[in-house]
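Coordinate inspection notes
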Amino acid sequence: MAVSDVEPEVDSADPAEQLVAYLDYYRAAVERKLRGLTADQLGDSPLPSGWTPLELLAHLVHMERRWFVWGFLAEPVPDPWGDHADGVDGGRWHVPDGVGLDDLLERLRAGGERTTDILTTTPLYARGALGGRFTAEPAPTLAWIGFHVLQEYARHAGHLDVARELIDGATGE
C-alpha cells in the first residue's frame, strides 16, 4: 500500500495500473486521516449527519469487498452489508462491538491486495459474474466497478478531511 501523501506519479497507458495506484493512494490517505485519533474521537461524530470516522472506515472495507468480491467475482461473503445497522442496505453505518481501528485497517489492506490481484489479472472489459451482487445481465464491467470504487474512496477521503479538521484541526492530504 502506498504510504506517500503525494498523488501517484504513475503515468501509464495501462488503466488497471492507474486504478491500482490511485486506490492504494486513497486507502493510505484514509489511514493517515484516522491514525492519531483517540478511541473516543474515532467513535464520536463531529458532523450533523452523525457518522463517525470508524463507521466510515467500516463502510469503505465493506464497500470495496461488495463491489469486487461479492460483485465482480460473485463470491459469497458472510456479511455484504455488515457496515450497515442490522446488515441491511441503506441502514445507518455501523461498527460491531469489539471491532477497532487496527482490525479494520488490516481488513482494508487485505481487501486492497485482493482488489489489486483482480485488477492486474483480469481484463477491464470483463463483466462481473452473476450470482453475487449482480443477478441480471448485463453486470457492470471491471472498469466501471474500479472507477466507481475509486470515486467512493475519493469522496469519503474528503469527508474524513473535513471530520479530522473539525475534530482536532489537522489538515492536508
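Just above, that's the structure.
The structure contained in this document is the topic of the report that follows. Because the structure is a prediction, the values reported are computed rather than measured. (Residues numbered from 1 in each chain as written. Predicted model: local features only at pLDDT ≥ 70, side-chain atom pairs only at ≥ 80, totals over all residues. Heavy atoms only, no water.)

The number of helices and strands found in the protein chain is five helices and zero strands. Ordering the α and β elements of the protein chain from the N terminus gives α-α-α-α-α. Taking 16 Å as the expected radius of gyration for a compact globule of 173 residues, we find that the protein chain reaches 16 Å, a close match to that expectation. Considered along the principal axes of its C-alpha atoms, the protein chain spans approximately 45 × 40 × 25 Å. Per-residue burial over the protein chain gives 47% buried out of 173 residues. (Helix = DSSP H or I, 4+ residues; strand = E, 2+ residues; numbered from the N terminus. Rg over C-alpha atoms; globule rule 2.2 N^0.38 Å. Buried < 20%, exposed > 50% of the residue type's maximum accessible area, 1.4 Å probe, protein only.)

This part covers the packing of aromatic side chains. Summed over the entire model, instances satisfying the criterion amount to six aromatic pairs. Seen in terms of ring centroids, Trp67 and Phe134 are 6.0 Å apart; in terms of plane orientation they differ by 45°. Their pairing is tilted. One end of the pair, Trp67, is in helix 3 (residues 53-72); the other, Phe134, is in the loop between helix 4 (101-121) and helix 5 (142-168), with 67 residues separating them in the sequence. For the residue pair Trp67 and Phe134, the accessibility class agrees, reading buried in each case. In this arrangement the basic side chain of Arg133 is found over the ring face of Trp67, its NZ or CZ atom lying 3.8 Å from the centre. (Phe/Tyr/Trp six-rings, centres within 6.5 Å; stacked < 30°, edge-to-face > 60°. Lys NZ or Arg CZ within 6 Å of the ring centre and 35° of its normal.)

One way to put it is that helix 1 (residues 15-34) packs onto helix 4 with a least axis distance of 10 Å and a crossing angle of 175°. As far as their axial angle goes, helix 4 and helix 1 are roughly antiparallel. For the pair helix 1 and helix 4, the contacting residues are Ala16, Leu19, Val20, Leu23, Asp24, Arg27, Glu31 and Leu34 in the first and Leu101, Leu105, Leu108, Arg109, Gly112, Thr115, Thr116, Leu119 and Thr120 in the second. (Axes fitted to C-alpha atoms, helices over the stretch in contact; angles between N-to-C directions. Parallel < 35°, antiparallel > 145°, perpendicular 65-115°, else oblique. Contact = heavy atoms within 4.5 Å.)

The subject of this paragraph is the nonpolar core. Counting 44 residues, the largest nonpolar core has Val30, Leu34, Leu57, Leu104, Leu119, Val149 and Tyr153 as its most contacted members. Listing elements by their share of this core, those giving two or more residues are helix 1, helix 3, helix 4 and helix 5. Sorting elements by how many residues they give to this core places helix 3 first, with 10 residues. The residues touching Tyr153, leaving out its near neighbours within four places in the chain, are Leu23, Tyr26, Arg27, Val30, Leu60, Met63, Glu64 and Leu108. (Core = buried A, V, L, I, M, F, W, Y, C linked by side-chain atoms within 4.5 Å.)

Mapped onto the elements of the fold, Arg35 is located in the loop between helix 1 and helix 2 (39-43). Placed 111 residues apart in sequence, Arg35 and Gly146 show a C-alpha to C-alpha distance of 26 Å. Dropping the residues within four chain positions of it, Arg35 is found in contact with Leu101, Asp102, Leu105, Arg109 and Arg164.

The next subject is helix 3. Helix length check: helix 3 (20 residues) gives 27 Å between terminal C-alpha atoms against 28 Å at 1.5 Å per residue, within 8%. At Arg66, helix 3 shows its largest kink, close to 35°. Following helix 3 by one or two positions, Ala74 adopts a phi angle in the positive range, close to 60°. (Expected span 1.5 Å × (residues − 1). Bend = angle between axes of the 7 residues up to and from the residue.)

In this structure, the largest pocket encloses a volume near 200 Å³. Lining the largest pocket, in full, are Val61, His62, Glu64, Arg65, Val69, Asp79, Arg107, Leu108, Ala110, Gly111, Arg114 and Thr115. Of all elements in the fold, only helix 3 and helix 4 reach the threshold of two or more residues within the lining of the largest pocket. When residues in the lining of the largest pocket are grouped by element, the largest group, six residues, is from helix 4. Each residue belonging to the lining of the largest pocket can be placed in one class, and the counts come to four nonpolar, three polar and five charged. (1 Å grid on protein atoms, 1.4 Å probe; cavity = no way out; pocket = protein on both sides within 12 Å on 5 of 7 lines; lining within 4 Å. Points joined across faces, edges and corners; volume = space filled by probe spheres on them. Nonpolar A, V, L, I, M, F, W, Y, C, P; charged D, E, K, R; others polar.)

It is worth spelling out the pattern of salt bridges at this point. In this structure the tally under the stated criterion is 14 salt bridges. The shortest N-O distance in the salt bridge between Asp103 and Arg107 comes to 2.7 Å. With Asp103 and Arg107 both in helix 4, this residue pair falls four residues apart, about one helical turn. Here Glu106 ties to Arg109 by a salt bridge, and the two come within 3.3 Å at their closest N and O atoms. (Salt bridge = Lys/Arg side-chain N within 4 Å of Asp/Glu carboxyl O.)

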